[in-house]
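# Commentary on secondary and tertiary structure
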Amino acid sequence: MPKPDAWAIALVAALLLPDPGSPTEGVRYAPAYADPASVVGPETFPARDSSQEPGASLTVYLMTIGQGDAIWERFGHNAIWIQDERTGRGVAYNWGMFDFGQVDFIPRLMRGTMLYWMAPRDPEASLQESRWTNRPAWIQELALTPEQKAELQAYVEWNALPENSHYRYDYYRDNCSSRVRDALDRVLGGRLKQVASQRTTDHTYRWHTRRLLRDMPAAYLGIQFVLGPDADEPLTGWEEAFLPIRLMDEIRNVEVPDGEGGVRSLVVQERELVPSSRPPEPSDIPFAFPLFLLVGLLWGGAVLVLSRKGVYQGFLARLSLLALAGGWALLASIGGTVLLAAWLFTDHVFWYKNLNLLQVNPFFLPLAVAYLLVLFPGSFPRWARDLAVALGVLAGVGLLLGIIPGIGQTNGEILAFTVPVNGALVVGSFWLWDSSGTRPALSRTDVSEVRSEPGPG
């Protein structure tokens, strides 16, 4: 698969979530694949009577593939595998297809209007990719009636047609796993949604994203920064099935009629087809707050030290101050512009209403320009000091909103870094303005007049 060669693409690709599989040149049917018994052993998948009843010769599996190393593989992948025992033809229907080389890929990625598509693949090809990349793979046989199997096959074959295959991708609400979930729920008459929606979790979209990206610091930081408060709403089991592993877990809770007046589990049997030496997915989020706070305090402390009058006079100190204070102001202006533009001009709805805009915003840009003037002693303007104060007040408001339960968003790590740095800019700007010589000085006449004034008593 082509790989993006810009970090910005990789960062946004982190939000694209589940594994895309391999890009194709349009939709095509995969070659036939032998019966699953040839992979896992006949004792696991006993032979069935293939009558002429529609769907009777079909066996349906949910195929789930675990984490990979690439940023777009961190959330797993899945597909619906339909095996026809009468013809020996097996097809894995996969909704996670995209191609970095497709027309308008970058503009659509940035606007949040990505187009994914569904395509059938050879199940063995998917399993072989899992072996090569050391990713575990499981299948679960589903207890569908012949009518449901026939309906599911008709639906996925219709969906695989070129005119029906593409869809607007949403990394949380409409991705490859949610499409698999919806297709199964369709033939189950809503039973999967009914059961999964009754379970409310303590997890959020942000929580899962932080958990799965915990060992990728750059992507972790980027995701924490761009996600707004909508990513902090508790999820139901139905919503949590945007992750393939969670969907695999969720269908174990579903029961269906057994045809004899009782019920049975939707999952007939399951098996790990591709073992992996990879450790299991992280089960919790990292406790990174102290690290963010430490970096923020060190950065802010360095700005304060370099802003003091005795230190500020040296050229090397002024150059360092420009790098730390001016560099942060520039980064804050760029980051704030990205958040504001995403809110106003894109469909990245989970970036909207982002309270990190109180910590970083486009108004930091003039402050970044003002810090260029520290290279020339006596040039730090009063308006820059006033602007730093205003931006510091906004940062303080953001901190208050962040610590009041139920009002803000889960951005404690971002606050731990930005609040100390923004506070240091406020204090440092007063020191710089005071030592710059721009404050109006008293003339000798003024001094004489002051000294000639009679004192008390």
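This text goes with the structure placed above it.
Residues numbered from 1 in each chain as written. Predicted model: local features only at pLDDT ≥ 70, side-chain atom pairs only at ≥ 80, totals over all residues. Heavy atoms only, no water.

Turning next to the overall build of the protein. The secondary structure content of the protein amounts to 18 helices and nine strands. If you take every contact in the protein between residues at least 6 apart in sequence, the share linking residues at least 24 apart comes to 78%. Approximately 20,800 Å² of the protein is accessible, and the part contributed by carbon and sulfur atoms is 61%. (Helix = DSSP H or I, 4+ residues; strand = E, 2+ residues; numbered from the N terminus. Contact = heavy atoms within 4.5 Å. Areas by Shrake-Rupley, 256 points an atom, 1.4 Å probe, with all protein chains shown as cover.)

Next up on the list: unusual backbone geometry. In this structure, D104 is a non-glycine residue whose phi angle is positive, near 60°. When you line up the elements, D104 lands in the loop between β3 (89-97) and α3 (105-111). One non-glycine residue, K353, lies in the positive phi region at around 55°. Structurally, K353 can be placed in the loop between α14 (315-345) and α15 (364-372). Given the relative accessible area of 42%, K353 is considered partly exposed. (Buried < 20%, exposed > 50% of the residue type's maximum accessible area, 1.4 Å probe, protein only.)

Bringing helix α12 (residues 289-307) into the picture now. Relative to the 27 Å expected for 19 residues at 1.5 Å per residue, α12 spans 27 Å between its end C-alpha atoms, a close match to the ideal helical length. Within α12 the residues assigned to the buried category are F292, G296, G300, V303, L306 and S307. Seen from one end, α12 has its buried residues packed into an arc of 125°, which puts them on one side. Away from its buried face by more than 90 degrees, α12 exposes L291 and L298. (Expected span 1.5 Å × (residues − 1). Arc of directions from axis to C-beta.)

Turning to the pattern of salt bridges, a few remarks are in order. All told, the structure shown has 20 salt bridges when counted by the stated rule. Of the charged contacts in the structure, one is a salt bridge between R74 and D215, with a shortest N-O distance of 2.8 Å. Within this pair, whereas R74 is found in the loop between β1 (58-65) and β2 (77-84), its partner D215 is found in the loop between α8 (205-212) and α9 (217-226), the two being separated by 141 residues in sequence. The salt bridge partner of D174 is R179, with a shortest N-O separation of 2.8 Å. Members of the salt-bridge network, linked through shared partners, are R199, E240 and E250. (Salt bridge = Lys/Arg side-chain N within 4 Å of Asp/Glu carboxyl O.)

Right, let's talk about a nonpolar patch on the surface for a bit. Among the surface-exposed residues, L330, I334, V338, L365, V369 and L372 lie close enough to one another that they form a single nonpolar patch of about 500 Å² accessible area. Within the residue set of the nonpolar patch, elements represented by two or more residues are α14 and α15. (Patch = residues over 30% accessible without salt bridge, like charges linked within 9 Å, V, L, I, M, F, W, Y side chains within 5 Å.)

The two faces of a sheet get side chains in turn, since along a regular strand they alternate between them. Extensive coverage of β1 is indicated by the burial of eight of its eight residues. Judged by which residues are buried, β1 turns out to be covered on both faces: L58, V60, L62 and T64 on one side and T59, Y61, M63 and I65 on the other are all buried. In the sheet, β1 pairs with β2 via eight bridges, with the strands oriented antiparallel. Each residue of the ladder has a partner; that of L58, found in β2, is D84. As defined by bridge partners, β1 adjoins strand β5 (residues 137-142) across five bridges and the pair is classed as antiparallel. (Pairing = 2+ DSSP bridges.)

On to the nonpolar core, then. Buried together is how nonpolar side chains tend to be arranged in soluble globular proteins. Formed by 96 residues in total, the largest nonpolar core has its most connected members in I80, W95, L152, L367 and Y371. Among the elements that take part in this core, α14 stands out by supplying nine residues, more than any other. Listed in part, the 11 residues of the second largest apolar core include M63, I65, A92 and V274. (Core = buried A, V, L, I, M, F, W, Y, C linked by side-chain atoms within 4.5 Å.)

Turning next to the packing of helix α16 (residues 382-403) against helix α17 (residues 412-435). Packed helices, taken two at a time, are described by their axes: the angle between them and the distance between them. Look at α16 against α17: their axes get within 9 Å of each other, and the N-to-C directions meet at 155°. One finds that α16 runs roughly antiparallel with respect to α17. Viewed along their axes, α16 and α17 form a crossing whose handedness is left-handed. Mapping the contact onto sequence places R382, R385, A388, V389, G392, A395, G398, L399 and G402 in α16 and L415, V419, N422, L425, V426, S429, F430 and W433 in α17. Tallied by class, the residues present in the contact of α16 with α17 amount to 10 nonpolar, five polar and two charged. (Axes fitted to C-alpha atoms, helices over the stretch in contact; angles between N-to-C directions. Parallel < 35°, antiparallel > 145°, perpendicular 65-115°, else oblique. Left-handed = near helix turned anticlockwise from the far one by under 90°. Nonpolar A, V, L, I, M, F, W, Y, C, P; charged D, E, K, R; others polar.)

A few words now on the packing of aromatic side chains. Counting across every chain of the model gives 21 aromatic pairs. On the numbers, 5.4 Å between centres and 65° between planes, the contact of W72 with F100 is edge-to-face. Within this pair, whereas W72 is found in the loop between β1 and β2, its partner F100 is found in the loop between β3 and α3, the two being separated by 28 residues in sequence. Residues Y116 and Y169 carry aromatic rings whose centres are separated by 3.7 Å and whose planes lie at 20° to one another, so their mutual orientation is stacked. Residue Y116 is found in strand β4 (residues 115-121), and its partner Y169 is found in the loop between β6 (166-168) and α6 (176-187); the two are separated by 53 residues along the sequence. The class for Y116 is buried, based on a relative accessible area of 0%. Put simply, the rings of W72, F98, F100, F105, Y116, Y167 and Y169 touch in pairs and so form one group of aromatic residues. Above the face of the W433 ring, R385 is positioned so that its terminal group lies 4.4 Å from the ring centre. (Phe/Tyr/Trp six-rings, centres within 6.5 Å; stacked < 30°, edge-to-face > 60°. Lys NZ or Arg CZ within 6 Å of the ring centre and 35° of its normal.)

When you line up the elements, R181 lands in helix α6. Taking relative accessible area as the criterion, R181 reaches 7% and is therefore assigned buried. One polar contact links the side chain of R181 to the main-chain carbonyl oxygen of W238, over a distance of 2.8 Å. Once residues within four sequence positions are removed from consideration, R181 is found in contact with R173, L192, W238, E239, A241 and L247. (Polar contact = N/O pair within 3.5 Å; in protein donor to acceptor, adjacent residues only side chain to side chain.)

At a minimum axis distance of 10 Å, the contact between α15 and α16 shows a crossing angle of 140°. Classified by the angle between their axes, α15 and α16 sit oblique to one another. Remark: the crossing between α15 and α16 carries left-handed chirality. In this structure, α15 uses F364, P366, L367 and A370 to contact α16, whose residues at the interface are W383, A384, L387, A388 and L391. Taken together, the residues of the contact of α15 with α16 sort by class into nine nonpolar, no polar and no charged.

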